[in-house]
Amino acid sequence: MKHSMTTTDAALDDIRREIDAIDDGIVDLLERRIAASGKVRNQKSNTGTLATSPIRPAREAAIMRRILARGAKKIPPDLLLRLWRIILTSSTLAQASVTVHVVSTLSLTQRLDIAVHFGAMPVKEHATLADAMMAVSRNFGDICVVETTSPWADAFMAGQPGAARIIGVLPPLRQNPMPELLILGHAQAVETGDDECIMVGKAEPSALWRAKSGTHEIFGLRGSAQSSLTLAGRFPKPLEAAT
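Note that the structure is predicted; figures quoted are calculated from it, not measured.

### Description of the confidence of the model for the protein chain
Taken over all residues, the pLDDT of the protein chain has a mean of 90, while the share at 70 or more is 93%. Across the protein chain, element-level confidence peaks in strand β1 (residues 100-103) with a mean pLDDT of 98 and bottoms out in helix α1 (residues 7-47) with 87.

### Some details on the packing of helix α3 (residues 77-95) against helix α4 (residues 108-118)
α4 packs onto α3 with a crossing angle of 65 degrees between their chain directions and a minimal axis gap of 7 Å. Between α3 and α4, the residues in contact are Arg82, Arg85 and Thr89 and Val116, His117 and Phe118, respectively. Among the residues making up the contact of α3 with α4, the classes are represented as 2 nonpolar, 2 polar and 2 charged.

### Describing the environment of Leu184
Within the secondary structure, Leu184 sits in strand β5 (residues 181-185). Spatially, the C-alpha atom of Leu184 lies 38 Å from that of Ile22, the residues being 162 residues apart in sequence. In this view, Leu184 contacts Met133, Val136, Asp142, Ile143, Cys144, Val146, Phe156, Pro161, Arg165, Ile166 and Ile167; residues no more than four positions away in its chain are not counted.

### Brief notes about the environment of Pro238
Mapping Pro238 onto the fold places it in the segment after β9 (230-236). Sequence spacing of Pro238 and Pro172 is 66 residues, and the spatial spacing of their C-alpha atoms is 5.3 Å. In this structure, Pro238 is in contact with Val169, Pro172, Arg174 and Glu196, ignoring residues within four places of it in sequence.

### Things to note about a negative patch on the surface
Judged by side-chain charge, Asp20, Asp23, Asp24, Asp28 and Glu31 come together as a negatively charged surface patch. Within the fold, Asp23 resides in helix α1.

Basis of the calculations
Residues numbered from 1 in each chain as written. Predicted model: local features only at pLDDT ≥ 70, side-chain atom pairs only at ≥ 80, totals over all residues. Heavy atoms only, no water. pLDDT = per-residue confidence, 0-100. Helix = DSSP H or I, 4+ residues; strand = E, 2+ residues; numbered from the N terminus. Axes fitted to C-alpha atoms, helices over the stretch in contact; angles between N-to-C directions. Contact = heavy atoms within 4.5 Å. Nonpolar A, V, L, I, M, F, W, Y, C, P; charged D, E, K, R; others polar. Patch = residues over 30% accessible without salt bridge, like charges linked within 9 Å, V, L, I, M, F, W, Y side chains within 5 Å. Areas by Shrake-Rupley, 256 points an atom, 1.4 Å probe, with all protein chains shown as cover. Salt bridge = Lys/Arg side-chain N within 4 Å of Asp/Glu carboxyl O. Lys, Arg positive; Asp, Glu negative; His and termini not counted. Charge placed at Lys NZ, Arg CZ, Asp CG, Glu CD.

This is the structure in structure tokens:
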């Protein structure tokens, strides 16, 4: 028996054609986005600014803050974050190769968080924390991800990561005052006006959080550090979903 198209079927076909047209538009916009990223790569190559790191935490934070604000109350922030992390990571890898160094003892959940955040970036596991941190000291374009409560501060104070500092934290959407993972790299720290830093030493009264890392005490502060203690890194404040 031949099926006749109902009014509902026709309406659904119209909606599906609309979705197809939107998908085509998204692809066209992604092509423009990739082409623009290529212009950035060429400009950085001309100025030599890719020599240290292709990662720009302040720029990424500005993009994500704008995107989350634009999609407030209409699009789930986690969806926006995942989509744009893929776009940003692809843009970074188009400029230069970046390897993520980790310790093999990270949990499955932590590995998944890293995979979501850094997408196609290759991940290299190391047997010890010291090995992972020393790897980033030798490769200025790479990054190292460590657990906040691991003894990374001992290795940091011993100079094992070289000039690498904390340039970001995970998860990127704030869940708790203390981040679960720290991202170390050589990217230049640029103030965004909404930053945090991590210090090594006895926690100050204004600390956002405090913890032990090996034999050292660590804590987080809002803004730029105004302390005589050791600054482990400054980075854009973790994102917060608009309410």
